[in-house]
Amino acid sequence: MRLLTHNMLSSNVKGVVDGFPLRLEAEKWVEKEVELNVDFLRHIFHKIEWKALAGAARAVGYGELPDEADAAMLDAEDFLRRFHHALLEIHVEEGALVCPDTGRRFPINKGIPNMLLNEDEI
Amino acid sequence: MKLKQLEGLLGTLQQFSHPKIELEQYPTGPHIASRLLYTAENTYGDISGKIVADFGCGCGTLGLASALLDAEQVIGIDIDPQSLEVASENAVDLELEMDFMQCDINNLRWRDHLVHTVVMNPPFGTRRKGSDIEFLAKALKVASCAVYSLHKTTTRDFIKKIAVRDFNARTAEVLCELRYDVPQLYKFHKKKEVDIAVDLWRFVPNANQAL
């Protein structure tokens, strides 16, 4: 699971209104290089919840993202590289996603988060 | 990438070893899958550089085809862990990156419009009535650019009506009619191969924002 996917996902437990962001508990992750696409980054920046991305990046030991960001920063190549790296190059292999409202844990095994709910959670 | 080349690569993918009838697990053949994605990319520009989700990805055929056509990020969602395992292996075999998530499409909760394009071969709703419609409703909720989907030709009028009236589709268009060869996977199939007419649809959600 890449951090872009984490940024899309809300807790789906019954009764949860916000459920975003899921807290990332990462035990194992890998980094894989991806070609940097400036147009994509500029476009997607406006849809990304920055605090959630920065928090998830810290959970995998990447503290290079600022706490807050605005579109003007996209002109700096250094910022683009960090944004790109956090969003697309880190893959969480083992760990869990934790619902911020209920504490429900969704395990991540072999890179795949299991978001299946029990019957009483639907 | 040429169409034939795409079809050839998709033909190398592993398919379901023990298909589950309750999930209507039919493989998406390389012929249909390659045409679906090729049209999405070459006619409409909905794949390259985009975030693409494959709903009910099964063994990952449509999602991996999207990755082959340079989608920036592909996410496959399926309820079935065995399918996700095969899909992951297929991604490794083709040296492609694809994210996966185990989830019931009905209970999927994503922030709206972060995904650009949804590609899917949903259950036709013959075993569990309405499952095709549930997939379509969710796809049109999360996608910002377009939804590509296969539905039985017999449901054409109904799909058109419900997509526009109930699911906020701005347009709903049948791109072509295809023959879907369902191989004899299950005991209840009497003939060796069942040929079903299916429509390849393109839906544009009202939230459409050009990249």
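In what follows, the structure referred to is the one given above.
Keep in mind the model is a prediction, meaning the values are calculated, not measured. Position labels on residues start from 1 in each chain and follow its written sequence. Working convention: letters from A go to chains and numbers from 1 go to ligands, in the order in which they are written. Only residues with pLDDT of at least 70 are given local features in this predicted model, and only at 80 or more are side-chain atom pairs given and counted; all residues enter the totals for whole chains, interfaces and linings. Hydrogen atoms and water are omitted, and side-chain values are computed over all heavy atoms in the structure.

Peer 1: Looking at this model, I keep getting lost on the nonpolar core. Mind explaining?
Peer 2: If you look at soluble globular proteins, the nonpolar side chains tend to sit buried side by side. Nonpolar cores are built from buried Ala, Val, Leu, Ile, Met, Phe, Trp, Tyr and Cys residues. Side-chain atoms within 4.5 Å join them into one set. Burial classification: accessible surface area is computed with a 1.4 Å probe over protein chains only, and a residue below 20% of its type maximum counts as buried, one above 50% as exposed, and the rest as partly exposed. Core analysis: the biggest nonpolar cluster contains 68 residues, and Leu24, Phe83 and Leu87 of chain A together with Phe55, Ile77, Trp110 and Val118 of chain B have the highest contact counts within it. Residues count as neighbours in contact if any of their non-hydrogen atoms are within 4.5 Å of one another. Leave out the neighbours within four places in its chain, and Val118 of chain B touches Ala53, Phe55, Ala139, Val142, Ala143, Ala146, Val147 and Tyr148 of chain B. The next biggest cluster of nonpolar side chains, apart from the first, holds 38 residues, and it includes Ile32, Ala40, Ala67 and Cys145 of chain B.

Peer 1: For this particular structure, what's the right way to read the pairing of strand S2 (residues 90-98) of chain A?
Peer 2: Looking down a regular strand, the side chains alternate between one sheet face and the other. Residue and element names in this part refer to chain A. Counting from the N terminus, the helices are DSSP H or I runs at least four residues long and the strands are E runs at least two residues long. Within S2, eight of the nine residues are buried, which leaves it mostly tucked inside the rest of the structure. Pairs of strands are assigned from DSSP output, requiring at least two bridges between the strands. Summarising the sheet, strand S1 (residues 23-31) and S2 pair through eight bridges and their orientation is antiparallel. Paired with Ala26 across the bridge in S2 is Gly95. Note that S2 and strand S3 (residues 105-109) share four bridges and pair antiparallel. Note on S3: the bridge partner recorded for Gly95 is Ile108. The antiparallel pairing of S2 with S3 creates a hairpin that spans six residues between the two strands, and Gly103 there sits at a positive phi of about 80°.

Peer 1: Please clarify how helix H3 (residues 50-59) of chain A should be interpreted in this entry.
Peer 2: Residues three or four positions apart in an α-helix share a direction because the helix packs 3.6 residues into each turn. Among all positions of H3 of chain A, only Trp50, Ala52, Leu53, Ala54, Ala56 and Ala57 of chain A are buried. Residues of H3 of chain A that are buried make contact with helix H1 (3-8), S1, helix H2 (38-45) and helix H4 (77-89) of chain A.

Peer 1: Please explain the environment of Asp80 of chain B as it appears in this structure.
Peer 2: All names here are of chain B. Along the chain, Asp80 turns up in the loop between strand S2 (73-78) and helix H4 (81-93). Judged by relative accessible area, Asp80 falls into the buried class, the value being 5%. Along the primary structure Asp80 and Phe203 are separated by 123 residues, whereas in three dimensions their C-alpha atoms are 26 Å apart. When neighbours within four sequence positions are excluded, Asp80 is seen to be in contact with Lys20, Leu23 and Gln25.

Peer 1: Hey, could you run me through the sheet that holds S3 of chain A in this one?
Peer 2: Note: strands within a sheet are paired through backbone hydrogen bonds, in either parallel or antiparallel orientation. Residues and elements named next belong to chain A. Strand order in the open sheet formed by four strands is S1-S2-S3-S4, and the pairing between neighbours is antiparallel. With one partner strand each, in any of the chains shown, S1 and strand S4 (112-113) form the two edges of the open sheet. To obtain an axis, a line is fitted to C-alpha atoms, over the contacting stretch when the element is a helix, and the angle between two such axes runs from 0 to 180 degrees between their N-to-C directions. The strands touched by H4 within the sheet are S1 and S2, with S2 carrying the most contacts at an inclination of about 65°.

Peer 1: Whenever I open this one, the interface of chain B and chain A confuses me. Can you help?
Peer 2: Many structure descriptions define interface size as the accessible area lost when the parts assemble. Contacts between chain B and chain A engage 26 residues on the former and 34 residues on the latter. A combined buried area of about 2600 Å² lies between chain B and chain A, and 55% of that area is made up of carbon and sulfur atoms. Two parts placed together each lose some accessible area under a 1.4 Å probe, and the buried area is that loss summed for both. The largest share of the area that chain B buries against chain A comes from Glu72, Arg109 and Arg111 of chain B, three residues that together contribute 29% of it. In what follows, salt bridge is the name for a side-chain nitrogen of Lys or Arg lying within 4 Å of a carboxyl oxygen of Asp or Glu. Counting across the interface, chain B meets chain A through three salt bridges. For Glu97 of chain B, the salt bridge goes to Lys32 of chain A, with nearest N and O atoms at 3.4 Å. Partitioning the side of chain B that touches chain A into residue classes produces eleven nonpolar, nine polar and six charged. Gly counts as polar in this scheme, as do all residues outside two lists: the nonpolar Ala, Val, Leu, Ile, Met, Phe, Trp, Tyr, Cys and Pro, and the charged Asp, Glu, Lys and Arg.

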